[in-house]
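So you can see what is in the structure, the chains are spelled out below.
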Amino acid sequence: MAAMQHVLVLIAAPRLHRLDDSMVATAIEAMRAAGAAVGTPRWLAREEAAELAFAGAAPVMRSAVERVLEGWPIDVAVLPADNRRKRLLIADMDSTIVENETLDELAEQAGVGELVAAITARSMRGEINFSAALRERVAMLAGLEEAALERTAARLRLMPGAEALVATMRRAGAITALVSGGFKFFTSLVRARVGFDLDESNELVLRDGTLTGAVVEPILNRDGKHAALARIAAARGLALADCLAVGDGANDLGMIGAAGLGVAFHAKPIVAATAAVRIEHADLTALLYLQGYTRAEFVTA
């Protein structure tokens with residue numbers, strides 16, 4: 001049999017659907033019909049995730065399986081069989097590690113919620129420059145009291161699977177970094193709550209307990225996230241191929257494209273269309289299955 005150079009991973013959306021033997025068999029049949037040699041299925045978690053080693057054209061196999069499973073809440077990913085377990089995780093925060101968009105929630109308290117949310121959406125879709133959009137939105141927060149940050153922090157909701165993702169990778173020896181275009185006030189809290197090793201983000205300017213409407217320059221934007229990935233990896237002697245980057249917005253495209261495993265997570269269309277791997281249904285534990293971890297290896301509270 002030909003060498004199995006790739007792995008196709010099937011992941012069901014938790015609580016929405018179960019992955020069963022018939023669906024795995026359907027995937028194998030589609031892959032073989034498309035010309036692949038397919039190995040024996042390996043269950044990473046019964047009814048939740050399975051992987052298939054194969055020899056064949058990777059994009060063709062993903063498309064073939066996506067067609068036969070269309071309509072089901074099943075994520076399909078194809079990855080190289082080698083070097084799957086990454087040694088550095090770089091993660092976006094808003095709408096990735098937490099469900100919130102923290103700047104939008106601050107804007108609601110300032111009475112400009114709809115206006116700021118519209119700018120955020122355009123920025124995350126890549127329609128406008130991130131740095132300019134951030135300055136414009138923060139300027140609308142001028143005069144907001146510092147207590148608004150505390151109120152927003154109290155409403156932070158972790159994305160399902162965030163804690164297991166970070167804890168499992170850290171136990172395996174990986175470095176984990178939260179790199180956000182958001183604000184240090186929140187990333188420092190999320191870093192401590194989830195267990196990240198590092199956090200990098202932007203800094204709001206406050207004076208006498210009030211937001212001034214300014215942000216400290218330079219702004220951590222798309223290029224800054226890409227640079228953070230390269231810098232953190234180099235400082236630890238890691239190649240970019242050893243890294244995993246995950247995010248949902250256009251400002252994440254640089255790091256997602258540069259990392260050995262770049263994942264668009266419940267992402268905006270421009271990101272989902274560009275990233276080699278996209279997770280649209282499952283939670284963040286999908287990133288562990290992509291690396292070949294089994295459910296039994298997860299570190300959970």
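Just so it is clear, the structure is predicted and the values come from calculations on it, not from any experiment.

A. Local environment of the overall build of the chain. When helices and strands are counted, the chain shows twelve helices and 13 strands. The C-alpha radius of gyration of the chain comes to 20 Å, within 12% of the 19 Å expected for a compact globule of 301 residues. Taken along its principal axes, the extent of the C-alpha atoms in the chain is 70 × 40 × 35 Å. Relative to its 301 residues, the chain shows a buried fraction of 54%.

B. View of the packing of helix H3 (residues 102–109) against helix H6 (residues 147–154). Contact pair H3 / H6: the axes reach a minimum separation of 10 Å and the direction vectors enclose 125°. With respect to each other, H3 and H6 are oriented oblique. Note on packing geometry: the crossing formed by H3 with H6 is right-handed. Listed contacts from H6 to Thr 102, Glu 105, Leu 106 and Gln 109 of H3 are Ala 148, Leu 149, Arg 151 and Thr 152. When grouped by side-chain class, the residues that make up the contact of H3 with H6 number three nonpolar, three polar and two charged.

C. Layout of H3. For H3, the buried fraction is high: six of the eight residues fall into the buried class. Those residues of H3 that sit buried are Thr 102, Leu 103, Asp 104, Glu 105, Leu 106 and Ala 107. Buried positions along H3 lie against helix H4 (113–124), helix H5 (130–139), H6, strand S7 (175–183), helix H8 (184–194) and strand S9 (204–207). Residue Gly 111 follows H3 closely and has a positive phi angle near 80°.

D. Region of the structure containing the environment of Gly 257. Looking at where Gly 257 falls in the secondary structure, it is placed in helix H10 (residues 253–258). You can call Gly 257 exposed: its relative accessible area is 64%. As for Gly 257 and Val 246, which are separated by eleven residues in sequence, their C-alpha atoms are 10.0 Å apart.

E. Examining the packing of aromatic side chains more closely. Evaluation of the coordinates by the stated rule reveals two aromatic pairs. Pairing Phe 185 with Phe 186 gives two aromatic rings, centres 5.3 Å apart and planes at 80°, and the pair type is edge-to-face. With relative accessibility at 0%, the residue Phe 186 sits in the buried group. Between the aromatic rings of Tyr 289 and Phe 298, the centroid separation amounts to 5.2 Å while the plane-to-plane angle is 40°, which identifies the pairing as tilted.

Definitions and limits used
- Residues numbered from 1 in each chain as written.
- Predicted model: local features only at pLDDT ≥ 70, side-chain atom pairs only at ≥ 80, totals over all residues.
- Heavy atoms only, no water.
- Helix = DSSP H or I, 4+ residues; strand = E, 2+ residues; numbered from the N terminus.
- Rg over C-alpha atoms; globule rule 2.2 N^0.38 Å.
- Buried < 20%, exposed > 50% of the residue type's maximum accessible area, 1.4 Å probe, protein only.
- Axes fitted to C-alpha atoms, helices over the stretch in contact; angles between N-to-C directions.
- Parallel < 35°, antiparallel > 145°, perpendicular 65-115°, else oblique.
- Left-handed = near helix turned anticlockwise from the far one by under 90°.
- Contact = heavy atoms within 4.5 Å.
- Nonpolar A, V, L, I, M, F, W, Y, C, P; charged D, E, K, R; others polar.
- Phe/Tyr/Trp six-rings, centres within 6.5 Å; stacked < 30°, edge-to-face > 60°.

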